[in-house]
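# Observations on the three-dimensional arrangement
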Amino acid sequence: MITQSGAHSAGDPSPAQGGSGAQPESGKGRPSGTSTRYEWTRDLRGYAGKPPQAGWPGGARVAVSFVLNIEEGSERSVLAGDDDNESVYDMISTVVGGPNLHMVCNFTYGARAGYWRIVDLLDRYGVTCTVNGCAQALEMTPWIAEDCVRRGYEIACHGYRWESHERMSEAFERERIAMAVETITRICGRRPLGWHTRSPAGPNTRRLVIEEGGFIYDSDTTEDDLPFLVDLGDREHVVVPYTSDNNDMFLQRVEGFRLGRHLAEYVINSFDQLYEESATVPKMMTVGLHTRIIGRPGRIAALEQIIRHMRSRPDVWFAQRGQIAQHWLNRFGKYK
Ligand SMILES: [Zn+2]
């Protein structure tokens, strides 16, 4: 039994808060269902104001991880046989009982146009990224998967589809994770080492991702600035926090950023603050990107502004999340 202890790796031997061992009672053998008992522990302590010295390669002050989400084609759609259509978009666009072709086009734009605009920009500045790929999306756009591999991007697993796991039964979720790994391995020629559920993940997700056996890290949290380790008894699993604020998704919300430069200003503020703090303790920063959002002509300049700003500072490590996770394990893991 793997428990999520929340053990932090350096200087903070927080007591392991082992799970109860309780398994969800409902949902066994059903395609989906609601778990009623949860194996999940919350750690409000974290590094308790004493974050570890990350010791990034080359003495870098800030490790910056760009995450390019590839979700297009795996979103909910009546066209794909779902009961309803994806509804997260710039404008309120709800269609009930039939396909929402406007929503389909919104996603399709990311694959057809947005992706290429973003990767051209990353290339021009020599910045790598972690592709957060939904397995089904990569399967529907194998030329994009191939292009990601050719560019040397890390392909992490963003679920089988662009779907949150919070209500999946344990059996269904386990199967979903296995399908996602199989599909990405087949399409990309190597298995993903990182996992990231469309938020929210479920209370069992991390345990099942660890149980699958081939992942070294997941990004199913936004609860800290720095990675931390989960002690598995004979090895560790790395949690590399994601970001829901340094993220272009706020451009598609009425109450979010209106213009690309609002996003750029916010992300640059985050970077400047972390860079300042990194004078004493190295930091990590994630920027979340989506092809159908930042890949629009009216928004892409924001990404260029962000990258140029980061590039103007020395000692920034543009890293893939797998590299960050491996570094964390090497530096702080106790089972070597
Ligand atoms: Zn996503």
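Because the structure is predicted, anything quoted here is derived from the model rather than measured.

The subject of this paragraph is the overall build of the protein. A tally of helices and strands in the protein yields eight helices and nine strands. Scored against the burial criterion, the 336 residues of the protein give a buried share of 46%.

Taking 1.5 Å as the rise per residue, helix H8 (residues 321-332) with twelve residues should run 16 Å; its terminal C-alpha atoms sit 16 Å apart, in good agreement. All of the buried residues along H8 are Arg 321, Gly 322, Ile 324, Ala 325, Trp 328 and Leu 329. The buried residues of H8 occupy an angular sector of 160 degrees when projected down its axis, which confines them to one face.

With that settled, the discussion passes to the environment of Tyr 266. Among the secondary structure elements, Tyr 266 is positioned in helix H6 (residues 260-277). Sequence separation of Tyr 266 and Ile 306 is 40 residues, and the distance between their C-alpha atoms is 9.6 Å.

Okay, the nonpolar core next. Within the largest apolar cluster, 74 residues are counted, with the highest numbers of intra-cluster contacts made by Ala 63, Val 64, Leu 138, Ile 184 and Val 238. By residue number, the principal contributor to this core is strand E1 (residues 62-70), which donates seven residues. Not counting residues up to four positions away in its chain, the partners in contact with Val 238 are Ile 216, Tyr 217, Pro 227, Leu 229, Ala 325, Trp 328 and Leu 329.

Glancing now at the confidence of the model for the protein. When pLDDT is averaged along the protein, the result is 89, and 88% of the positions lie at 70 or above. Low confidence marks residues 1-33, where pLDDT is under 50. Its contacts with residues over four positions away, or in another chain, come to 83 contacts.

To continue, consider helix H7 (residues 300-311). Along an α-helix, residues three or four apart share an orientation, since each turn contains 3.6 residues. Compared with the 16 Å implied by 1.5 Å per residue over twelve residues, the 17 Å span of H7 between its first and last C-alpha is a close match. Among the residues of H7, Ala 302, Leu 303, Ile 306, Ile 307 and Met 310 are the ones counted as buried. Seen along its axis, H7 keeps its buried residues to an arc of 130 degrees; they face one direction. Among the structural elements, E1, helix H1 (101-124), H6, strand E8 (283-290) and strand E9 (316-318) are those in contact with the buried residues of H7.

Right, let's talk about the pairing of strand E2 (residues 130-133) for a bit. Residues Thr 130 and Asn 132 point to one face of E2 and Val 131 and Gly 133 to the other, with burial holding for every one of them. Bridge count between E1 and E2: four bridges; the pairing is parallel. Residue Val 67 lies in a different strand from E2, and its bridge partner there is Thr 130. Pairing of E2 with strand E3 (residues 154-157), which is carried by four bridges, proceeds in the parallel orientation. What sits directly across from Thr 130, in E3, is Glu 154.

Time to look at the environment of Glu 146. Following the sequence through the fold, Glu 146 ends up in helix H3 (residues 142-150). The partly exposed category is assigned to Glu 146, around which 14 C-beta atoms lie within 10 Å. Residues Glu 146 and Cys 188, 42 residues apart in the sequence, show an inter-C-alpha distance of 6.6 Å.

On to unusual backbone geometry, then. Omega for the bond connecting Ser 199 with Pro 200 falls within 30 degrees of zero, at -5 degrees, which places this linkage in the cis form. Mapped onto the elements, Pro 200 comes out in the loop between strand E4 (194-195) and helix H5 (205-212). Phi at Ala 48 takes a positive value of approximately 50 degrees, unusual for a residue other than glycine. Mapped onto the elements, Ala 48 comes out in the segment before E1. The exposure class of Ala 48 is exposed, given the 11 C-beta atoms found within 10 Å. A positive phi is found at Asp 315, a non-glycine position, where the angle reads about 65 degrees. Exposure remark for Asp 315: the 13 C-beta atoms within 10 Å place this residue in the partly exposed category.

Quick notes on the rules
Residues numbered from 1 in each chain as written. Predicted model: local features only at pLDDT ≥ 70, side-chain atom pairs only at ≥ 80, totals over all residues. Helix = DSSP H or I, 4+ residues; strand = E, 2+ residues; numbered from the N terminus. Buried ≥ 20, exposed ≤ 12 C-beta atoms within 10 Å, placed from the backbone. Expected span 1.5 Å × (residues − 1). Arc of directions from axis to C-beta. Core = buried A, V, L, I, M, F, W, Y, C linked by C-beta atoms within 7 Å. Contact = placed C-beta atoms within 7 Å. pLDDT = per-residue confidence, 0-100. Pairing = 2+ DSSP bridges.

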